[in-house]
Amino acid sequence: MTKLLGAALAAATLACATPAAAQFGVEANGARADHRWGGELGVGYAIPILPGFRITPAVGVLVFKGDNDRYYEDANGGNERCRDSRTGQYAKDSLCDNTEFKAYGRVEATYSIPLTLTFGAGARISDEVKPYGTIAFPLAPKLQIKGNAGDDYYAIGLRFGF
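Residues numbered from 1 in each chain as written. Predicted model: local features only at pLDDT ≥ 70, side-chain atom pairs only at ≥ 80, totals over all residues. Heavy atoms only, no water.

*Asks:* Mind showing me how you'd approach the overall build of the protein here?
*Replies:* Within the protein, the secondary structure is distributed over one helix and 10 strands. Starting at the N terminus and ending at the C terminus, the protein contains elements arranged as α-β-β-β-β-β-β-β-β-β-β. Considering the protein as a whole, with its 162 residues, one finds that 35% of them fall into the buried category. If you take every contact in the protein between residues at least 6 apart in sequence, the share linking residues at least 24 apart comes to 43%. Of the roughly 9600 Å² of accessible surface on the protein, a fraction of 63% belongs to carbon and sulfur atoms. (Helix = DSSP H or I, 4+ residues; strand = E, 2+ residues; numbered from the N terminus. Buried < 20%, exposed > 50% of the residue type's maximum accessible area, 1.4 Å probe, protein only. Contact = heavy atoms within 4.5 Å. Areas by Shrake-Rupley, 256 points an atom, 1.4 Å probe, with all protein chains shown as cover.)

Here it is in structure tokens:
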């Protein structure tokens, strides 16, 4: 169902596209999503619909510290080393990193008041569809500080358009 909704939203967005006026953007956010704290890195394609109104489909990845109970950092005489809890042997330090990635898709509908603010609503698609509100303020001509908030989803960070 989630894939079908995502595909339908993407198709509707692309059907209304004006490619010459579209704008790519990248985002880097600190976020609470999918019941985890981490960082979101994403790329989107803003499509103008009417003056001031845009639809922006986006994809990205949530980077977070995973749960790996097998490997842990052992303070051995003040020198931290990675250890395997099953064998007790030392392990490669990279095994204690526990960094994980989780892909997501997003669609936002926003309205921009030139040089002041952009606001709107969106839906984040990962484990489930999460609706949220979004607001952004310009810091420089193509740089914005942006925040998203919804049920069990929060993110704040920077968006750069090009």
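That was the structure; now back to the text.
*Asks:* I would appreciate a short explanation of the confidence of the model for the protein in the present structure.
*Replies:* Detailed reading of the predicted coordinates is not advisable wherever pLDDT falls low. Put simply, the protein has an average pLDDT of 86, and 86% of its residues get 70 or more. Note on residues 7-20: pLDDT under 50 across the span, and 11 contacts to partners over four residues away in sequence or across chains. (pLDDT = per-residue confidence, 0-100.)

*Asks:* Teacher, can you tell me more about the pattern of salt bridges here?
*Replies:* Pairs can form between side chains of opposite charge whenever their charged atoms are close. Within this structure, the stated rule accounts for 11 salt bridges. A salt bridge links arginine 70 to aspartate 84; the shortest N-O distance between them is 2.7 Å. A residue pair is termed long-range when its members are at least 10 positions apart, and arginine 70 in the loop between strand S3 (53-65) and strand S4 (71-76) and aspartate 84 in strand S5 (residues 79-84) qualify at 14 residues. A salt bridge links glutamate 108 to arginine 106; the nearest nitrogen and oxygen atoms lie 3.8 Å apart. One salt-bridge network, in which partners are shared between bridges, spans Glu27, Asp34, Glu40, Arg106, Glu108, Arg124 and Lys146. (Salt bridge = Lys/Arg side-chain N within 4 Å of Asp/Glu carboxyl O.)

*Asks:* When you look at the sheet that holds strand S7 (residues 117-125) in this model, what are you seeing that I'm missing?
*Replies:* Within a sheet, neighbouring strands are paired by backbone hydrogen bonds and run either parallel or antiparallel to one another. Sheet architecture is closed into a barrel: eight strands sit in the order S1-S2-S3-S6-S7-S8-S9-S10, paired in antiparallel fashion. With strand direction ignored, the average angle separating the axes of adjacent strands in the sheet is 25 degrees. Note that strand S8 (residues 129-140) and strand S9 (residues 143-150) share eight bridges and pair antiparallel. Along S9, the bridge assignment pairs tyrosine 132 with glycine 150. (Pairing = 2+ DSSP bridges. Axes fitted to C-alpha atoms, helices over the stretch in contact; angles between N-to-C directions.)

*Asks:* Any chance you could explain unusual backbone geometry here in plain terms?
*Replies:* Among all residues except glycine, the phi angle is most often negative; among peptide bonds, the trans geometry is most common. In this model, aspartate 34 sits at a positive phi of 50 degrees, which is unusual for a non-glycine residue. Looking at where aspartate 34 falls in the secondary structure, it is placed in the loop between strand S1 (23-33) and strand S2 (36-50). A residue is classified by how much of its surface remains accessible, and aspartate 34, at 11% relative accessible area, is buried. In the Ramachandran plot, histidine 35 falls in the positive-phi region, its phi being about 65 degrees despite a non-glycine side chain.

*Asks:* Sorry if this is basic, but what is going on with the environment of glycine 25 here?
*Replies:* Within the element layout of this structure, glycine 25 appears in strand S1. Residue glycine 25 is classed as buried on the basis of its relative accessible area of 3%. Sequence separation of glycine 25 and glycine 161 is 136 residues, and the distance between their C-alpha atoms is 4.0 Å. Sequence-distant contacts of glycine 25, that is, excluding residues within four places in its chain, are made with Gly42, Val43, Gly44, Arg159, Phe160, Gly161 and Phe162.

*Asks:* Mind showing me how you'd approach the packing of aromatic side chains here?
*Replies:* Two measures describe an aromatic ring pair: the distance that separates the ring centres and the angle between the ring planes. Inspection of every chain in the model, using the stated rule, returns six aromatic pairs. A centroid spacing of 6.0 Å and a plane angle of 65 degrees characterise the contact between tyrosine 111 and phenylalanine 119, whose relative ring orientation is edge-to-face. Judged by its relative accessible area of 37%, phenylalanine 119 falls in the partly exposed class. An aromatic cluster is defined as three or more aromatic residues linked by ring pairs; in this entry it consists of Phe24, Tyr45, Phe160 and Phe162. Lying over the aromatic face of tyrosine 104, arginine 124 brings its terminal NZ or CZ to 4.5 Å of the ring centre. (Phe/Tyr/Trp six-rings, centres within 6.5 Å; stacked < 30°, edge-to-face > 60°. Lys NZ or Arg CZ within 6 Å of the ring centre and 35° of its normal.)

*Asks:* Would you mind going over the nonpolar core with me for this structure?
*Replies:* Most often, soluble globular proteins have nonpolar side chains that are buried together. Judged by nonpolar contacts, Ala31, Ala33, Leu62, Phe64, Tyr132, Tyr153 and Ala155 together constitute the single largest core of seven residues. Listed by contribution, the elements that provide at least two residues to this core are S1, S3 and strand S10 (153-161). Sequence-distant contacts of alanine 155, that is, excluding residues within four places in its chain, are made with Asn29, Gly30, Ala31, Glu40, Lys146, Gly147 and Asn148. (Core = buried A, V, L, I, M, F, W, Y, C linked by side-chain atoms within 4.5 Å.)

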